[in-house]
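Chains, contacts and geometry: an overview
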Amino acid sequence: MDLSYTPEEEEFRARLREWLGKVLPTLPPKPSPDDWPARRTYDLGWQRMLYDAGYADVHWDASPTVRLIFLEETEKAGAPYVGANFVGLLHAGPTIAAEGTPEQRERWLPPMLRGEEVWCQGFSEPDAGSDLAALRTRARRDGDDYVVSGSKIWTSHAEVADWCELLVRTGPAAPKHRGISWLAMPMSLPGITVRPLRTLAGSAEFAEVFLDEVRVPVANRVGDENDGWRVTMVTLSFERGTAFVGEVVACRRVLGELAAEARRRDCWDDPVLRRRLGRLNAEFRGLWRLIQWNVSEAEGGSGVPGVGGSVFKLRYSHARQELYDVAADVLGEDALDLDRPWVPDRLSSLAYTIAAGTSQIQQNIVAERILGLPKGR
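Residues numbered from 1 in each chain as written. Predicted model: local features only at pLDDT ≥ 70, side-chain atom pairs only at ≥ 80, totals over all residues. Heavy atoms only, no water.

Moving on: the UniProt feature "domain: Acyl-CoA dehydrogenase/oxidase N-terminal" (unreviewed entry) in the chain. When the UniProt feature table is mapped to this numbering, "domain: Acyl-CoA dehydrogenase/oxidase N-terminal" (unreviewed entry) covers residues 6-116. Here residues 6-116 runs as 68% helix and 0% strand, with 33 Å between its end C-alpha atoms. (UniProt positions renumbered as here; feature names shortened; annotations may be inferred. Helix = DSSP H or I, 4+ residues; strand = E, 2+ residues; numbered from the N terminus.)

Put into structure tokens, the structure is as follows:
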């Protein structure tokens, strides 16, 4: 498999670098991490700048390789992260682009690209744990609407979202994987209650969402009724396949900063520390090559990342946790100070073996779909 870039792709990289170099110094200061309304405004403003410059469509209208270059270069340049646009641009948008009708793509994709609407993700439920298909939120068909009741948890950016990518059970008598549908739900509908959740790091980007007889138009269903599990696999393929690209670039940068900090703190002579940093360097270099392989595979097929995304997600989650464990060792007692660099990242890294599919789920996927091992009973 050829992992090199074409001249056209390198030209795109050079043009993007030049634009970032001109526009980033003109951006206003970033708002407080806890001020989500202000962060929504800031993130949507950045997305509008990308749209006006012709870079907004890379998440689904460009090739997977161009998307990879975009995510790599924006992270290296220190450009704003997608932030409140995370679910729309990296999850819901690519899913709608791949599975939606022409009318759905026309309705939902342009506002995402123009920085006009924010999406949240309504997948996880309090009683389902890591078994996403065990969800209980019910959607009863009533004419041209689904009447939805239930609750969701860990719903990203729900407090500032306009839309929710929502998984519901439309076929209660069907096997659990076959009775699910994927809906686009306006967050302004009557019957929706949002309660923010505060994380260990003190942030509140997640929420509980309670749904009481919420009427969602049938026209907002992406894919066929009861075929939502297949559509969800498309969403999760993007979530595990390309959504973490910028974070890998950031981790490689942090690794270099950690080595420099270790030298300043006179702990560089510790051979165990140097060995750990060296192994992490090899790990993240390998993860980057795996990303390139996954992207090349997607480009040669349907454009949707394959099960290699689960291999990446499994290894990246643990590598990220180890990276910030090393950071804590370098910082010493300063690792208890939340105002220090890397300390909030260490706390948030604890969630990576759970978010976007637990490590145990990823191990099962690798075992069954890649290695061909029998399913557990």
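Continuing now.
Right, let's talk about unusual backbone geometry for a bit. Here the phi dihedral of N226 falls at roughly 70°; this positive angle occurs in a residue that is not glycine. Structurally, N226 is set in the loop between β8 (221-222) and α6 (228-241). Residue class for N226 comes out partly exposed when judged on its relative accessible area of 27%. In the Ramachandran plot, D266 falls in the positive-phi region, its phi being about 60° despite a non-glycine side chain. Tracing the backbone through its elements, the reader meets D266 in the loop between α7 (245-264) and α8 (271-299). Under the relative-accessibility criterion, D266 is labelled exposed at 70%. (Buried < 20%, exposed > 50% of the residue type's maximum accessible area, 1.4 Å probe, protein only.)

The next point concerns helix α1 (residues 7-23). Helix length check: α1 (17 residues) gives 25 Å between terminal C-alpha atoms against 24 Å at 1.5 Å per residue, within 8%. Of the residues making up α1, those classed as buried are E9, F12, R13, L16, W19, L20 and V23. Buried residues of α1, viewed axially, fall in a sector of 135°; they line one side. Of the exposed residues in α1, those oriented more than 90 degrees away from the buried face are P7 and K22. (Expected span 1.5 Å × (residues − 1). Arc of directions from axis to C-beta.)

With that settled, consider a nonpolar patch on the surface. Nonpolar side chains collect at one region of the surface, where I370, L371 and L373 lie side by side and expose about 280 Å² of accessible area between them. Along the polypeptide, I370 turns up in helix α11 (residues 359-370). What makes I370 partly exposed here is its relative accessible area of 39%. (Patch = residues over 30% accessible without salt bridge, like charges linked within 9 Å, V, L, I, M, F, W, Y side chains within 5 Å. Areas by Shrake-Rupley, 256 points an atom, 1.4 Å probe, with all protein chains shown as cover. Salt bridge = Lys/Arg side-chain N within 4 Å of Asp/Glu carboxyl O.)

Of all hydrophobic cores here, the largest spans 51 residues; its most connected members are W46, L258, F284, Y316 and L323. Of all the secondary structure elements, the ones that give two or more residues to this core are α1, α2 (36-53), α3 (64-76), α7, α8 and α9 (308-331). Of all the elements, α9 adds the most residues to this core, at 10 residues. A domain split of this core shows at least three residues from each of domain 1 (7-114) and domain 3 (240-370). Each residue touching W46, except ones within four places of it in the same chain, is listed here: W19, L20, V23, L24, L27, A79 and P80. Ranked by size, the runner-up nonpolar core spans 28 residues in total, among them L90, L109, M112 and W119. (Core = buried A, V, L, I, M, F, W, Y, C linked by side-chain atoms within 4.5 Å. Domains from an automatic or database assignment. Contact = heavy atoms within 4.5 Å.)

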